[in-house]
Amino acid sequence: MYKEKRQIAILGSTGSIGVQALDVIREHADLFEVYALTANNNVELLIQQAKAFLPEMVVIANESKYKQLKEALLGLPIKVWAGENALSQVVESEPIDIVLTAMVGYSGLKPTISAIKAGKIIALANKETLVVAGELITQLACENKTAILPVDSEHSAIFQCLAGEAGNSIEKIILTASGGPFRTFSPEQLVHVTKQEALKHPNWRMGAKITIDSASMMNKGFEMIEAKWLFGVKTEQIQIVVHPQSIIHSMVQFEDSSIKAQMGLPDMRLPIQYALSYPNRIFSSFERLDFTKFPVLSFEEPDMKKFRNLRLAYQAVEKGGNMPCILNAANEIAVEAFLADKIGFLTMSDVIEKAMEQTSFIASPDLNDYIQTDAEARIISKNIILN
Ligand code: MG
C-alpha cells in the first residue's frame, strides 16, 4: 500500500501536535517524508519548517500572510498556496499517503472530508471533526474504503488494545481522564479560577484550546463522542474514569471480562508515531515508564455536577442530529471568550447550555446543515455572551 517512504501531509503543522509530528518524522527520515505543511496563522514557524523539511507544498490559511510566505521561500522548490480552499485541494494530491489533521476545532471538517474522498488515510488529531459530524465522516470513510487512525492518546490506546482482536466484540471502553487542573477544586473555587490556572495542565503539554477543554472536561465529553464513532460503540458502553496519573491511556473490556490497557508516560509523540507507522511499531527514543516511580495508580468517578460540560456532551450525543455540532460551536466561542477574559470559567457552561436550547435542531443533518448550524450556533453564542 505504501511507497518507499510514507508521504505525509500535516494540516496544522505549527500547532502542538504538528510540531511533535515533525519531531517524529525527523527521527525517522528513512520512513517518512513531509509532502505538505499547512498553518492557519503562524507564518514565521511555517517558513522555518518549510526550510527544514522542504515539502512539495505549503499552505497558509490566512491569505494576508501569503506574500510573506511566498517571499521567504523564493528560490526553493516549494509550491506556496493560501486560503481555506487551498487546504482542501492540497490534501487531494496524488502522492500523499497519510493526512494528519492537527488543526484546531471546526476548521478541520472540510479538509478532512476532501482527504477522505481522495482516499487518503486520516491520522485524526482533530477530534472536533468527529464531534461535529461523526456519522457523516465515518460513513464517508467506509464508502471510500479508507481508514481513520486515531492520534488522540486515549483513542490510540483503545486502537492499540484492539490490535489482534478482529471479530471479538467490545463489551466496554474505559476512557481515562486526568481530571485536569481543577479535579480537586470545590464548585465555589471554580467560580474564580483564572485562565492562567486553567492553562496549567498537570500531565500533558498541549495547545491552549484543548488545555481549556481539559480543565472544563469538555475534552473528555468530546472524546466520548469521538470513541463512539471511531469504534462503533454505544455511549452506554463507554465508561469515563478519572485517573490522575495519566499512565493508563485507556482500556478495552471484552466479552470474556478480560481488560486490556495501553500504558506509558504521557507523551503525544507515541500516538502520533503509531498512527504514522501503523500497523508497524518502530523504535522511539522516548523516556520509558518505570512502574516503581508510580507506585500508585488511582481511579475515581468523574464529577458531572461540577463539570457541567461533560454532562452537556452526554446530552448532546443522546439528542443526536446536529446537537453535537451546536455543542462544539458554542464551546469554541465560549473558550475564545474565556481566553479573552470576557467570561468566567463556569459561564462557559451557561453559554453552551443556552446555545443548545436556542439553535435550530435538525434530526438528520447533511453537510450543508452542519455548516449552517455551526454558523448559527456561533452567532447565538456570541449574543449570549454580550447579553
Ligand atoms: Mg486525549
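Anyway, here's the lowdown on the structure attached to this text. What you are looking at is a predicted structure, and each value in this text was computed from that prediction instead of being measured.

1. Observations concerning the overall build of the chain
Thought 1: What the chain contains, in helices and strands, is 16 helices and eleven strands.
Thought 2: In summary, the chain has a C-alpha radius of gyration of 20 Å against a globular reference of 21 Å for 387 residues, a match within 12%.
Thought 3: Oriented by its inertia axes, the alpha-carbon framework of the chain measures out at about 60 × 50 × 40 Å.
Thought 4: Residues classed as buried in the chain amount to 56% of the 387 residues present.
Thought 5: Of the roughly 17000 Å² of accessible surface on the chain, 51% is carried by carbon and sulfur atoms.
Thought 6: Side chains of the chain give 37 positive and 45 negative charges; the mean places of these two sets differ by 3 Å.

2. Section: the pattern of salt bridges
Thought 1: Taken as a whole and assessed by the stated rule, the structure comprises 18 salt bridges.
Thought 2: The salt bridge involving K67 is made with E71; its shortest N-O contact spans 3.7 Å. Residue K67 and its partner E71 are both found in helix α3 (residues 66-72); the two are separated by four residues, about one turn of the helix.
Thought 3: Assessed through its relative accessible area of 59%, K67 is described here as exposed.
Thought 4: Across the pair K220 and E154 runs a salt bridge whose closest N-O atoms are separated by 2.8 Å. You can see K220 sitting in helix α11 (residues 218-231) and its partner E154 sitting in helix α7 (residues 153-161), a full 66 residues away along the chain.
Thought 5: Residue classification places K220 among the buried residues on the basis of a relative accessible area of 5%.
Thought 6: The exposure class assigned to E154 is buried, which follows from its relative accessible area of 8%.
Thought 7: Connected via shared salt-bridge partners are K127, D152, E154, K220 and E223.

The rules behind the values
Residues numbered from 1 in each chain as written. Predicted model: local features only at pLDDT ≥ 70, side-chain atom pairs only at ≥ 80, totals over all residues. Heavy atoms only, no water. Helix = DSSP H or I, 4+ residues; strand = E, 2+ residues; numbered from the N terminus. Rg over C-alpha atoms; globule rule 2.2 N^0.38 Å. Buried < 20%, exposed > 50% of the residue type's maximum accessible area, 1.4 Å probe, protein only. Areas by Shrake-Rupley, 256 points an atom, 1.4 Å probe, with all protein chains shown as cover. Lys, Arg positive; Asp, Glu negative; His and termini not counted. Charge placed at Lys NZ, Arg CZ, Asp CG, Glu CD. Salt bridge = Lys/Arg side-chain N within 4 Å of Asp/Glu carboxyl O.

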